[in-house]
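Residues per chain are reported as follows:
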Amino acid sequence: MTTDIASVSLPDGERIPKLGQGTWEMGEQPARRASELAALRCGIELGMTLIDTAEMYGDGATELLLGEALAGLRDQVFLVSKVYPHNASRRGVIAACEQSLKRLKTDRLDLYLLHWRGSVPLAETVEAFEALRSAGKIRHWGVSNFDTDDMEELVATPGGEACATNQILYNVARRGPEFDLLPWLAARNMPAMAYSPVDHARLPKRSPLDDIADARGVSVFQVALAWVLQKPGVFAIPKAGRVEHVRDNHQASQLQLDARELAAIDTYFKPPRSKRPLEML
Ligand code: NAP
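Residues numbered from 1 in each chain as written. Predicted model: local features only at pLDDT ≥ 70, side-chain atom pairs only at ≥ 80, totals over all residues. Heavy atoms only, no water.

- An unreviewed UniProt entry lists the protein under the name NADP-dependent oxidoreductase domain-containing protein, with Paraburkholderia sediminicola as the source organism.

Structure, rendered in structure tokens:
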């Protein structure tokens, strides 16, 4: 396995790869199954060993596919899954985690996230996460789609300061978190996990990304991904269901955009000048 992918630190100092793999919409179409399995395994081979999934994806079908992809490879991977907010009660989290472990054919998750904030009090969810951690079923826990005020409330909750990360929508076209959320996380040594790093393949048709891509002989996707990966304290989980895209994403992790290119990007994808509520997909 190659090890040329940079890493970031979780708050406890554990190093994880800056570039991982997403799985949303995988395992839902039998015709794509072989390609998706090959893509995931190729990514692991290339060092993109952090893999994100959720009980929500394909109603469990995505975790089943990933369980199959991980046969014989589980120990090489930093495995992340997410619990639905409606399962986030003290008992619900435990039951949901057991189901995810079964589908993923493993005895532990490396990271377990609350998918988004629901009506269950945070204290209850944190208590369940900590119980799972004590039982060795999860190694770290975190949250997703939490804005700065939600994070403030979380760390004020008993046990809440043990949160390892916040998985958020962040990419070149969605820069709102730069105003306050990313600095808040950085101040607490908590890395941000960027989801939809190539904006769910909905980047604008024509932008400075195209000029940079043309000049570099790479794709717009690679430029957009390189831009996210260059941000300190941020790691990213692009989803690619084809081996070619996985290879391209791996190559993007080796692409360094220079100051002129970054400035050109800023003229079109402007950094926020005021608070924007956190967006989610
Ligand atoms: P994304 O990774 O930004 O984009 C995925 C799309 O881009 C797919 O259509 C993929 O095509 C395409 N793609 C990827 N790399 C490419 C490349 N190098 N060249 C051309 N096309 C490329 O969007 P996402 O799936 O929304 O986000 C990534 C992961 O984040 C998800 O899979 C999921 O694990 C997580 N997520 C979490 C939340 C949350 O609420 N916490 C929300 C959304 C996503 P192919 O599949 O055809 O290769």
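Overview of the overall build of the protein
Step number 1: A count of helical and extended segments in the protein gives ten helices and nine strands.
Step number 2: Overall, the protein is about 55 × 45 × 30 Å in size when its C-alpha atoms are taken along their principal axes.
Step number 3: Buried positions account for 54% of the 281 residues belonging to the protein.
Step number 4: Taking the contacts inside the protein whose residues are at least 6 apart along the sequence as the reference set, 78% of them involve residues at least 24 apart.
Step number 5: For the protein, the computed accessible surface area is about 12100 Å², with 52% contributed by carbon and sulfur atoms.
Step number 6: Separation between the mean location of the 33 positive side-chain charges and that of the 37 negative ones in the protein comes to 2 Å. (Helix = DSSP H or I, 4+ residues; strand = E, 2+ residues; numbered from the N terminus. Buried < 20%, exposed > 50% of the residue type's maximum accessible area, 1.4 Å probe, protein only. Contact = heavy atoms within 4.5 Å. Areas by Shrake-Rupley, 256 points an atom, 1.4 Å probe, with all protein chains shown as cover. Lys, Arg positive; Asp, Glu negative; His and termini not counted. Charge placed at Lys NZ, Arg CZ, Asp CG, Glu CD.)

A few points about the pattern of salt bridges
Step number 1: In the structure shown here, the tally under the stated rule is 22 salt bridges.
Step number 2: As a salt-bridge pair, Asp52 and Lys82 come within 2.7 Å of each other at their nearest N and O atoms. Pair noted here: Asp52 is in strand β3 (residues 50-52) and Lys82 is in strand β4 (residues 78-83), with a separation of 30 residues, a long-range link.
Step number 3: Residue Lys82 is classed as buried on the basis of its relative accessible area, which comes to 0%.
Step number 4: Residue Arg103 is joined to Glu63 by a salt bridge in which the shortest nitrogen-to-oxygen separation is 2.7 Å. Here Arg103, found in helix α3 (residues 90-104), pairs with Glu63, found in helix α2 (residues 61-69); they are 40 residues apart in sequence, far enough to count as distant. By the burial criterion, Arg103 is buried, and Glu63 matches it.
Step number 5: Look at the salt bridges and you will find they share partners, linking Glu14, Arg74, Asp110 and Arg139 into a network. (Salt bridge = Lys/Arg side-chain N within 4 Å of Asp/Glu carboxyl O.)

Considerations on the packing of helix α8 (residues 220-229) against helix α9 (residues 243-252)
Step number 1: Relative to each other, α8 and α9 sit at 45°, their axes nearing to 8 Å. Looking at the two axes, α8 sits oblique to α9. For the element pair α8 and α9, the recorded crossing hand is right-handed. Two secondary-structure elements touch here, α8 through Gln222, Leu225 and Ala226 and α9 through Asp248, Asn249, Gln251 and Ala252.
Step number 2: In the contact of α8 with α9, the residues fall into three nonpolar, three polar and one charged. (Axes fitted to C-alpha atoms, helices over the stretch in contact; angles between N-to-C directions. Parallel < 35°, antiparallel > 145°, perpendicular 65-115°, else oblique. Left-handed = near helix turned anticlockwise from the far one by under 90°. Nonpolar A, V, L, I, M, F, W, Y, C, P; charged D, E, K, R; others polar.)

Re the UniProt feature "domain: NADP-dependent oxidoreductase" (unreviewed entry) in the protein
Step number 1: Mapped onto this numbering, the UniProt entry annotates "domain: NADP-dependent oxidoreductase" (unreviewed entry) at residues 18-266.
Step number 2: Helix makes up 41% of residues 18-266 and strand 13%, with an end-to-end C-alpha separation of 22 Å. (UniProt positions renumbered as here; feature names shortened; annotations may be inferred.)

Some details on α3
Step number 1: When the terminal C-alpha atoms of α3 are compared, their 22 Å separation across 15 residues agrees well with the 21 Å that a helix rising 1.5 Å per residue should span.
Step number 2: Phi turns positive one or two residues past the end of α3, at Lys105, with a value near 55°. (Expected span 1.5 Å × (residues − 1).)

Describing the environment of Lys275
Step number 1: Checked against the element boundaries, Lys275 lands in the segment after α10 (259-268).
Step number 2: Between the C-alpha atom of Lys275 and that of Ala259, which follows or precedes it by 16 residues, the distance is 25 Å.
Step number 3: Not counting the four nearest positions on each side in its chain, Lys275 is found in contact with Asp147, Thr148, Phe179 and Asp180.
Step number 4: Side chain to side chain, Lys275 and Asp147 meet in a polar contact 2.6 Å long. (Polar contact = N/O pair within 3.5 Å; in protein donor to acceptor, adjacent residues only side chain to side chain.)

Digging into the nonpolar core
Step number 1: Among the nonpolar cores identified, the biggest contains 73 residues, and Tyr112, Met151, Leu154, Leu209 and Ile265 are the most heavily contacted of them.
Step number 2: What Ile265 contacts, discounting residues up to four positions off in sequence, is Val172, Pro208, Leu209, Ile212, Val223, Trp227 and Leu257.
Step number 3: Among the nonpolar cores identified, the runner-up in size contains 14 residues, and Phe78, Leu111, Leu113 and Leu169 belong to it. (Core = buried A, V, L, I, M, F, W, Y, C linked by side-chain atoms within 4.5 Å.)

Points about the site of the ligand
Step number 1: The immediate surroundings of the ligand are formed by 27 residues, with Asp52, His200, Lys239, Arg242 and His245 found nearest.
Step number 2: A distance of 2.9 Å separates an oxygen atom of the ligand from a polar backbone atom of Gly241.
Step number 3: In isolation the ligand has 900 Å² of accessible area, and contact with the protein removes 92% of it.
Step number 4: Ranked by residue count, the leading element in the shell around the ligand is α9, at three residues. (Near = heavy atom within 4 Å.)

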